[in-house]
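# Survey of secondary and tertiary structure
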Amino acid sequence: MLYMGDGRTCGEWSVLLEGELSQSDVCMAVKNDLFSNCCFKPCALCKDAEHSINWNLPLTYDGLASTCLDVYLSLRSERLQEGDDRCQSIRFTVSDECCHKLPTNQCSLCQTSDGTYLNTNWNAEVNYMGEKVTCGDVNAKLSSEELDGILCLSARDDLWNQCCTPQLGGNTGLGGILPTEQNGLGTLAPGVLAPQVSDSDESNQSPGASFDDGSFTTFHRRNDAHHSQLLYTVVMVPFIVVATSLIS
């Protein structure tokens, strides 16, 4: 674009003006002169501002396998403006698939009945609606559904055990309670005490057995008997020396 005898792009003029205050005379003058040529309202994929885009939804666009994100980036690269015939044509073609109204209570695959969240096994592969997908894919598909909707409830019932892992001290979500011991992991749930080790138990162990867990408590318990023997020796030796002196 030729402006003031200098040919530059709109982007270059924008960079040059970054050092100017927004209300300065220079900034105001350039904006007034270049606004109609450099600025436009970009084509929106969803006409309703209250709708959200399902970015990763697969679809066919211009005869090619694409996603809603690909279509959106195409609109930007072509610099299509709101109101253009092509903008309206593309929006008419894909908006029903890509655009959805944000739910009041968004569905989350691993959200419990009381509103808390469990860990999601994002990369675990499952069969969902005839497709082999990951739990993360299913969660993305359900993001446009209401929490109490049929699709959301059905998916949670079918995939709960495969996709959702309860946190310690938490609830499995559909009325179950965290088991006292995790399957195969030996991890005790809160409220279940670890077995106590007594001095008599330790005395029955072989000399090579190891009890060291790095804690002061374990060290003190293991060495209590040795401390008692040492105290007995310290006290009795002076007593014997004094008694010997009196007899002599």
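Residues numbered from 1 in each chain as written. Predicted model: local features only at pLDDT ≥ 70, side-chain atom pairs only at ≥ 80, totals over all residues. Heavy atoms only, no water.

### Things to note about the nonpolar core
- The biggest cluster of nonpolar side chains holds 16 residues, and the ones touching the most others in it are L109, V126, Y128, V138, L142 and C163.
- When residues of this core are traced back to their parent elements, those giving at least two are β8 (125–128), α5 (135–141) and α6 (150–163).
- Looking at this core, the element that brings in the most residues is α6, giving five residues.
- Not counting the four nearest positions on each side in its chain, V126 is found in contact with E131, K132, V133, T134, C135, V138, L159, Q162 and C163.
- Formed by 15 residues, the second largest nonpolar core is a distinct cluster that contains C43, L80, C87 and C98. (Core = buried A, V, L, I, M, F, W, Y, C linked by side-chain atoms within 4.5 Å. Buried < 20%, exposed > 50% of the residue type's maximum accessible area, 1.4 Å probe, protein only. Helix = DSSP H or I, 4+ residues; strand = E, 2+ residues; numbered from the N terminus. Contact = heavy atoms within 4.5 Å.)

### Some thoughts on unusual backbone geometry
- Located in the positive-phi region is D62, a residue other than glycine, with phi close to 55 degrees.
- Here D62 is to be found in the loop between β4 (58–61) and β5 (64–67).
- Note on D62: relative accessible area 59%, which makes it exposed.
- Positioned with a positive phi, M129 is a non-glycine residue whose angle comes to about 55 degrees.
- Along the polypeptide, M129 turns up in the loop between β8 and β9 (131–134).

### What about the side chain of N139?
- Structurally, the position occupied by N139 is in helix α5.
- Look at N139 and you get buried, because its relative accessible area is 16%.
- Leaving out residues up to four positions away in the same chain, N139 has contacts with S108, L109 and W122.

### Side note on the environment of M4
- With respect to the helices, strands and loops of the structure, M4 is situated in the loop between β1 (2–3) and β2 (6–7).
- Taking the C-alpha atoms as reference points, M4 and V30, 26 residues apart in sequence, are found 9.9 Å from one another.

### A closer look at the confidence of the model for the protein
- Across the protein, pLDDT averages 74, with 67% of residues at or above 70.
- Ranking the helices and strands of the protein by mean pLDDT puts β8 first, with 96, and helix α7 (residues 199–203) last, with 41.
- In this model residues 170–235 is a low-confidence stretch, pLDDT under 50, and it forms 47 contacts with partners more than four residues away in sequence or in other chains.
- Contacts of residues 237–244 to residues separated by more than four positions or lying in other chains number zero contacts, the stretch itself having pLDDT below 50. (pLDDT = per-residue confidence, 0-100.)

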